[in-house]
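Structural description and commentary
What follows is each chain in one-letter form.
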Amino acid sequence: MWLYLLKRLLLLIPTFFGITLITFLIIKLAPGDPVSLKVAFNEGVKAEVLAHQAESGQDPITLPHWMTSALSPLPDRVKQVSEWFFKNVVYYGQWVRQIIAFDFGLSSKDGRPVLSRILEALPVTLLLNVITLVIVYTVSIPIGVLSALRRDKIEDKAMMVVLFVLYSMPSFWIGMLLLMFFASGEYFDWFPLVGLSSDGSALWPLGARVTDVMWHLVLPVICLTYGSFAFLSRFSRTTFLEVARQDFMRTARAKGLAYRAVIWKHGFRNTLIPLLTLMSTLLPSLIGGSVIVEAIFGIPGMGQLGFEAVLSRDRNLIMAISTLSALLTLVSL
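In this report, the structure presented in the accompanying data block is examined. Remember, it's a predicted structure, so these values are computed and weren't measured experimentally.

With that settled, the discussion passes to the environment of Val291. By the secondary structure assignment, Val291 is in helix H13 (residues 291-296). We classify Val291 as partly exposed; its relative accessible area is 38%. Each C-alpha atom of the pair Val291 and Gln304 lies 5.4 Å from the other, and the pair is 13 residues apart in sequence. In this structure, Val291 is in contact with Gly303 and Phe307, ignoring residues within four places of it in sequence.

Below, the structure is given as structure tokens:
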């Protein structure tokens, strides 16, 4: 057991540093920088942010000269590429030393620590995605089992057609339709338009605040769940059909157990094992959030935080989110 974990660790560590190094270099290659954007939009630039950028190699830079001088001699371009690469590898080493101490630096947007911004957005994304996972598993697994029991019959084909039609609908389109029909007031005004809470809800009793948050999450959860039904239902259907062909299922039927007991006590229980294993692969998306859904509904989660970081060229925040996503992806494999 320990030897297996050691081997996995030896494989994951270089992969993790390779992912973060490539991400670091891509961010460095991206045109523009947060300071220039703030100046362009007449926003203030805090002195501590500039000092932190200079110390950690996050100083404002433009595209490397070798990318804009294609007509220069080849030896000069090779030299420029080498100098740029090794300079940024040194900066990457400084960044690695910082994250080992759980210091992700300061956000160039507002000068706050990156870790504090992530810790503010993470609970929102976790709440949204945990609710989504519970609903998806609760609905998809029974659908998959029932579809397997009615294999190749009209009910099976009808359910698969409906689920794949839902799967083909893009979430941004469904989100806009939900807002237009159920939140804008043009047709119905049943749900809040954007956000996670109503104005002044901080003064409400705890029960009222919880109800208000749940009411705000209804439409976003619908957008996140409907597309997952097809995949998970199909997976549970395939898994149940494989379990149904196992020897212990034939033995249970030969003993004279009731059909319902064979299906739900023996078959369904063993179907859950690969489905629960599959849940670990959903961990990165569980933490990363949904950029499209959170942007449409104005939810301040990890998806919207990452989107804003890219728009504002907030390199420290982008690296922190990328690092967290890479780590979770590797752990879940």
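Taken as a whole, this structure holds seven salt bridges when the rule is applied. Glu155 serves as the salt-bridge partner of Arg150, at 3.1 Å between the closest nitrogen and oxygen. Residue classification places Arg150 among the partly exposed residues on the basis of a relative accessible area of 34%. The salt bridge partner of Arg151 is Asp152, with a shortest N-O separation of 3.8 Å. Several salt bridges share partner residues, and in doing so they unite Asp110, Arg112, Arg117, Glu120 and Asp314 into one network.

With 12 residues, helix H8 (residues 171-182) ought to run about 16 Å at 1.5 Å a step, and its terminal C-alpha atoms sit 16 Å apart, in line with that. Against helix H9 (206-244) and H13 lie the buried residues of H8.

Tallied over the entire structure, the rule returns 10 aromatic pairs. Considering the side-chain rings of Phe16 and Phe17, the 5.4 Å spacing of their centres and the 70 degrees angle between planes classify their relative orientation as edge-to-face. Since its relative accessible area comes to 13%, Phe16 is described here as buried. The exposure class of Phe17 is partly exposed, given its relative accessible area of 33%. Three or more aromatic residues link up through ring pairs in this structure, and these residues are Phe24, Tyr92 and Trp95.

Calculation criteria
Residues numbered from 1 in each chain as written. Predicted model: local features only at pLDDT ≥ 70, side-chain atom pairs only at ≥ 80, totals over all residues. Heavy atoms only, no water. Helix = DSSP H or I, 4+ residues; strand = E, 2+ residues; numbered from the N terminus. Buried < 20%, exposed > 50% of the residue type's maximum accessible area, 1.4 Å probe, protein only. Contact = heavy atoms within 4.5 Å. Salt bridge = Lys/Arg side-chain N within 4 Å of Asp/Glu carboxyl O. Expected span 1.5 Å × (residues − 1). Phe/Tyr/Trp six-rings, centres within 6.5 Å; stacked < 30°, edge-to-face > 60°.

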